[in-house]
Every structure is written in C-alpha cells, then in structure tokens.
Amino acid sequence: MRLVEAIAEMLGFGPNVTVIEQLIASLLGATLIGIFCLIHMAIAGPWAKRKVNAAFVDRIAVNRVGPFGLLVIVSDIVRLISKELIIPDDVDRPAWDLAPVLLFFSACVGFAVVPMGTIAGITIQLADPETGIVFLFAISSLASLALVIAGYSSNNKYSFLGGMRAVAQNIAYEIPLVVTAASVVLYIGTLRVSEVVAFQTRPLVDVLGVQIPSWFAFVNPFAFALFMVASLAEIGRNPFDTPEAPQEVIAGYQTEYSSVYFVFLYGSEFLHIFLGGAIITTLFLGGPNGPWLPGFVWFLLKIWSVFLFTQWARTAIPRVRIDQLIEIGWKGLLVLSFANFLLTAILIPILGV
C-alpha cells in the first residue's frame, strides 16, 4: 500500500475516494515528505558536516552544546533565523525573494517520486508516474535556475559571477548526468522509478552461494563512476564548488543573503546532496532493497553513504579552476558518457537483456 492510500485509509475515507479526500491525503503525504527533508537538512548542515569533516582531518568539531554537540542544530537555527534580514539596495526584489524558495522546492519535490522502502507495510513513495526518471531530473535541474536568479537579482558582481559559473557548470555536467542515466533506462527499459528498483532485485551472479543482485553499480561500474563524478558537479560539491568559491567570489550567488533566506539557501545545498544520493541509490544501488534490514533503513544508509562520500571529496580533493571544470565536463565526461551509452546499446542485444 502506498503512502497516500494508507493515509486515506487511516483517515477513514471509503474505497471511492472523492477529489477533496484525495487532495487532503496527498497534502498530508507531502507534509510527511517535507518533514523528512527538513530533518535531513537540519542534521546535515549545522552538525553532520562539521563532525564528518573534523573526523576526516583529525580535529575536534562541535562538542560543547548538548551531547556530542547535537544541540548546535537548535542553536544554529535560532541564531540564523533571529538575525536581521538585510535587503541590499537595488536588488530585483521579486526574483531575490524567489531564489531561496525555488532552490528548496526543487530538492524537496524530487523526493515525491523516490521509493524509500516500506514501514509497517506502507510504501514510502508519494507518487509513481510513468515518467518518474524524467521528472526527477527535470525538477532537480530547477536548482540551476534558482542559482542564476539569486546571482542576477542580488546586484552584486560576485553574486553575478557565481550565478554565471553555476550556469556554465550545470550545462557542462547536466548532459553527461542525463546521458549516463539514459544508459540505465536503456538497459532496464522503463522510466518508472518503482520498476527501475524492482529490476535491480534480480540476481546477477552467484558467488560462493551468495547471490549478487543486479544493481546497476555492479552491472556497469563505469557508468556508476561517471554518474558519481557528474553528481558532485551537479550538487556543487568539491572539487566542483566554483559557484560559491569563497576564496574567489566571496560566497557567489548567496553573498547578499542573510537570516532565514540564507538558511534556505545553505540548507537546500545539503538537501540537494541527499536528493542526488536518492537518485544514485535508485538508479545504481537497488533503491531501498537490501538483506536483513528494513527497506527504509537501507535507503537511509545509502543516501547517507553518498553524503559521506561528498564530505570526503570536500576534504581530500582541491577545488579545480573554472576553466578546468568546464574542460573536464565538455571534453571528458561528455565524451565518456556518450561512449558508455553507445556501448550499452551495443551490448544489450548481444547479452540478450
């Protein structure tokens, strides 16, 4: 039973659900997904990022406010929201207001079609459209638009440069990302997210009595590596965080934002990491599938593993210059992604998939 159907049943709606009842159940389901996103955003930004980065470079992170420094989440949220919202002169006010909301919206709505496993027999997935993969990439690409709007509307040359960098970066890496994902769709033969996950439950090989599932990371590790690198650029993590490079453009597109607007921009960056992790999990890591543990637990473990990988990259790999970034995208990943797509198309009839 899917989430919306379970909510409708718990509310006592009959088998013939009216439009209003369907709307109420959908809104409640969307609220639960939104709470899931806000919890991850709150944990990752103020606390997990600091703790993980400190562990990687062997130093002490937040440890004074609450046990293990956990209450820094509350203190940071209160501190940032209570600050004055400073509005610079001559900003394009409607666009300036829209950018933080759009960035959060693009990350949060993407989770609506991601299957997160089951809890008490309820499938945690708000919707499962036939073109779910297309929807995922379309909605996540709105983040690029938000960064451009923030940079352009801020009336600040550093913000504008950050926005232009974001455009150049996302165009250069969005194409390899989509082409690599298309190789998965070509192999599996569907755009429906639930069917992509279900396909990966099939056994691939049997090693010493242990069945290895058909996760696409096992089927085509080259595509998995390409997608991981392109995802780092898409979510703006090191070594591809040039749109907000503090040593070069202060903070790029978010330079002029403060208070609650900064919270939305800063927190949405981490939410996009988890959305990227959810897409990687769905396409390459079998979604919420895994042995012994419940599916929802596996889903959380996988997206947090992607988060840990991005933080390792942040501490271990130096930022590339903007010209190097564009060259890697257009001359490297683009060529390799099309080569991977062509190779997949050739091997499918040979392997009889």
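Please refer to the structure higher up on the page.
Being a predicted model, the structure only gives us computed values, none of them experimental. Per-chain numbering applies: the sequence of each chain, read as written, is numbered from 1 onward. A pLDDT threshold of at least 70 governs which residues receive local features in this predicted model, and a stricter bar of 80 or more applies before side-chain atom pairs are shown or counted, although totals over entire chains, interfaces and linings include all residues. Each side-chain value is derived from all of the structure's non-hydrogen atoms; neither hydrogens nor water enter the calculation.

(A) View of the packing of helix 7 (residues 157–188) against helix 10 (residues 221–234). A fitted line through C-alpha atoms represents every axis, and for helices the fit uses only the stretch in contact; the resulting angles, taken between N-to-C directions, go from 0 to 180 degrees. Secondary structure follows DSSP: runs of H or I at least 4 residues long count as helices, runs of E at least 2 residues long count as strands, and numbering of each begins at the N terminus. At a minimum axis distance of 9 Å, the contact between helix 7 and helix 10 shows a crossing angle of 150°. Taken as axis vectors, helix 7 and helix 10 run roughly antiparallel relative to one another. Note on packing geometry: the crossing formed by helix 7 with helix 10 is left-handed. Along its contact with helix 7, which presents Q169, N170, Y173, E174, L177, T180, A181 and S183, the element helix 10 presents A223, L226, F227, A230, S231, A233 and E234. Charged residues are taken to be Asp, Glu, Lys and Arg, nonpolar residues to be Ala, Val, Leu, Ile, Met, Phe, Trp, Tyr, Cys and Pro, and polar residues to be all remaining types, Gly included. Of the residues in the contact of helix 7 with helix 10, the class split is 8 nonpolar, 5 polar and 2 charged. Throughout this description, any angle smaller than 35 degrees is read as roughly parallel, any larger than 145 degrees as roughly antiparallel, any in the 65 to 115 degree range as roughly perpendicular, and the remainder as oblique. In a left-handed crossing the near helix is turned counterclockwise from the far helix by less than a right angle, and in a right-handed crossing that turn is clockwise. Any two residues whose heavy atoms approach within 4.5 Å at even a single point are treated as in contact.

(B) Spatial organisation of the nonpolar core. With 67 residues, the main nonpolar core has F36, F111, M116, F137, F227, L283 and F284 as its most contacted residues. The biggest single contributor to this core is helix 12 (residues 259–284), with 10 residues. If near-sequence neighbours (up to four positions away) are discounted, L283 is found in contact with I133, F137, A181, V184, V196, Q200, F216 and F227. Nonpolar core, defined: a set of buried Ala, Val, Leu, Ile, Met, Phe, Trp, Tyr and Cys residues in which side-chain atoms within 4.5 Å join the residues together. Categorising residues by exposure relies on relative accessible area from a 1.4 Å probe, with only protein chains included: less than 20% of the type maximum marks a residue as buried, more than 50% marks it as exposed, and the intermediate range marks it as partly exposed. A95, A99, L102 and A146 belong to the second largest nonpolar core, which has 16 residues in total.

(C) Geometry of the pairing of strand 4 (residues 210–213). Strands qualify as paired when DSSP identifies two bridges or more between them. Pairing analysis gives 4 bridges linking strand 3 (residues 203–207) to strand 4, with the strands arranged antiparallel. Residue pairing across strands places P203 opposite P213, the latter belonging to strand 4. Connecting strand 3 to the antiparallel partner strand 4 that follows it, the hairpin turn spans 2 residues, and L208 within it adopts a positive phi of roughly 55°.

(D) Up close: the pattern of salt bridges. Only one rule defines a salt bridge in this text: a Lys or Arg side-chain nitrogen within 4 Å of an Asp or Glu carboxyl oxygen. Scanning the model with the defined rule gives 7 salt bridges in all. Between R192 and D128 there is a salt bridge, with its nearest N and O atoms 3.8 Å apart. Taken together, the positions of R192 in the loop between helix 7 and helix 8 (193–199) and D128 in the loop between strand 2 (122–123) and helix 5 (132–140) put the pair 64 residues apart, joining distant regions of the chain. In this structure, a network of salt bridges that share partners links the residues D128, E130, R192 and E195.

(E) Broad picture of the packing of helix 2 (residues 19–56) against helix 3 (residues 72–82). It is the contact of helix 2 with helix 3, at a shortest axis distance of 9 Å, that shows an interaxial angle of 120°. It follows from the interaxial angle that helix 2 and helix 3 lie oblique. Of the two possible hands of crossing, helix 2 and helix 3 adopt the one that is right-handed. Contacts between helix 2 and helix 3 involve A42, I43, P46, W47 and R50 from the former and V72, I73, D76, I77 and R79 from the latter.

The analysis is restricted to geometry; functional conclusions fall outside its scope.
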